[in-house]
Amino acid sequence: MFTHLHRFILTAVAITAMSLPSAAQNPGAVQVTSADGTIVSFTISDLDGLPQVTITTTTLWTEGENTFTGPSLRNVLDAAGLGDNDLTLIALNDYAIEMPAPATDASYPIVATRMNGAPMSVRDKGPFWIIFPYDSEPDFQTETIYARSIWQLDRIELAE
């Protein structure tokens, strides 16, 4: 016979299980799906092995100026063999945003793996966060750019 305490515990366990990332959502890697369905998984070590870009900027979501480091999104796409394609970027919580191919450049946005030299936890919008050089020009201070600044990045897929 279940008591109120047993029901409470079972409910708490069920809610916790529902909030855990699925197998496709690995906070330790970004999965990039190519046109043929091939999945390339990039760990933080893999991303660290790509050429690094540093952007020092303020953001709407952090206090003061911060320094973000990571490979450019363009280099990640090239390493995955995606080339110039429209993308869908998906976060751990399944927030998704479309990004057209011309929105990526050799130096921005970056897939930030570090803020102020330290890896970012999920709680701190990491471990992967799309960052633009917001302070460098007004074109990077638009709602569209802010929407593309997806944190807790989990997956990159070709847009449908």
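Here, every reference points to the structure presented above.
Residues numbered from 1 in each chain as written. Predicted model: local features only at pLDDT ≥ 70, side-chain atom pairs only at ≥ 80, totals over all residues. Heavy atoms only, no water.

**Q** Just to check I follow, could you spell out the side chain of Ser-149 for this structure?
**A** By secondary structure assignment, the location of Ser-149 is in the loop between helix H4 (143-148) and strand S11 (153-158). Relative accessible area serves as the criterion here: at 1%, Ser-149 is assigned to the buried category. Every residue in contact with Ser-149, bar those within four places of it in the chain, is listed here: Trp-61, Trp-129, Ile-130, Phe-132 and Tyr-134. (Helix = DSSP H or I, 4+ residues; strand = E, 2+ residues; numbered from the N terminus. Buried < 20%, exposed > 50% of the residue type's maximum accessible area, 1.4 Å probe, protein only. Contact = heavy atoms within 4.5 Å.)

**Q** Where do I start with the sheet that holds strand S1 (residues 29-33) in this structure?
**A** Consider a sheet: its strands pair through backbone hydrogen bonds, and that pairing is either parallel or antiparallel. Here we have five strands laid out as an open sheet, ordered S2-S1-S11-S5-S6, and mixed in their pairing. Both edges of this open sheet fall to strand S2 (39-43) and strand S6 (96-99), since each of them pairs with a single strand only. Between one strand and the next, the sheet's axes are offset by a mean angle of 20 degrees, whatever the strand orientation. Strand direction decides the pairing type here: strand S5 (residues 87-91) and S11, joined by five bridges, are antiparallel. Its bridge partner being in S11, Ala-91 is matched across the sheet by Leu-153. (Pairing = 2+ DSSP bridges. Axes fitted to C-alpha atoms, helices over the stretch in contact; angles between N-to-C directions.)

**Q** Sorry, what's going on with the nonpolar core here?
**A** One broad rule of soluble globular proteins: the nonpolar side chains tend to lie buried together. Counting 37 residues, the largest nonpolar core has Leu-89, Ile-130, Leu-153 and Ile-156 as its most contacted members. If sequence neighbours within four positions are ignored, Leu-89 has contacts with Tyr-95, Ala-96, Ile-97, Met-99, Ile-130, Arg-148, Ile-150, Leu-153, Arg-155 and Ile-156. (Core = buried A, V, L, I, M, F, W, Y, C linked by side-chain atoms within 4.5 Å.)

**Q** Is there a simple way to think about the pairing of S1 in this case?
**A** Summarising burial for S1: four of the five residues are buried, a large majority. Here S1 pairs with S2 via five bridges, running antiparallel. The residue bridging Val-30 from the neighbouring strand is Phe-42, located in S2. Taking the residues that link successive antiparallel strands as the turn, the S1-S2 hairpin has five residues, and the phi of Gly-37 there is positive, at about 90 degrees.

**Q** Explain the packing of aromatic side chains to me, please; I cannot follow it from the model alone.
**A** Under the counting rule described, the total for this entry stands at 10 aromatic pairs. Geometrically, the ring pair formed by Trp-129 and Trp-151 is edge-to-face, given 5.9 Å between the ring centres and 85 degrees between the ring planes. You can see Trp-129 sitting in strand S10 (residues 129-131) and its partner Trp-151 sitting in the loop between H4 and S11, a full 22 residues away along the chain. Aromatic pair Phe-132 and Tyr-134: ring centres 6.3 Å apart, planes at 55 degrees, arrangement tilted. Across the pair, exposure class does not vary: Phe-132 and Tyr-134 are buried alike. Taken together, the aromatic side chains of Trp-61, Phe-68, Tyr-108, Trp-129, Phe-132, Tyr-134, Phe-140, Tyr-146 and Trp-151 make up a single cluster linked through ring pairs. Taking NZ or CZ as reference, Lys-125 lies 4.7 Å from the ring centre of Trp-151, over its face. (Phe/Tyr/Trp six-rings, centres within 6.5 Å; stacked < 30°, edge-to-face > 60°. Lys NZ or Arg CZ within 6 Å of the ring centre and 35° of its normal.)

**Q** Explanation requested: the pattern of salt bridges in the structure shown.
**A** Should the charged atoms of two oppositely charged side chains come close, the side chains can pair. This model, assessed by the stated rule, comprises six salt bridges. Of the charged contacts in the structure, one is a salt bridge between Glu-157 and Arg-155, with a shortest N-O distance of 3.9 Å. The network of salt bridges with common partners includes Asp-94, Asp-154, Arg-155 and Glu-157. (Salt bridge = Lys/Arg side-chain N within 4 Å of Asp/Glu carboxyl O.)

**Q** For this particular structure, what's the right way to read the sheet that holds strand S8 (residues 114-115)?
**A** Strand order in the open sheet formed by four strands is S3-S4-S8-S9, with antiparallel pairing between adjacent strands. Each end of this open sheet is capped by a strand with a single partner; those strands are strand S3 (52-58) and strand S9 (118-119). Both S3 and strand S4 (residues 65-71) contribute to a ladder of seven bridges, which runs antiparallel. Opposite Gln-52, over in S4, you have Pro-71 as the bridge partner.

**Q** Just to check I follow, could you spell out the environment of Leu-82 for this structure?
**A** Structurally, the position occupied by Leu-82 is in the loop between helix H3 (73-79) and S5. With sequence-adjacent residues up to four places away left out, Leu-82 is seen in contact with Val-32, Thr-33, Ser-34, Ala-35, Leu-77, Leu-87 and Leu-158.

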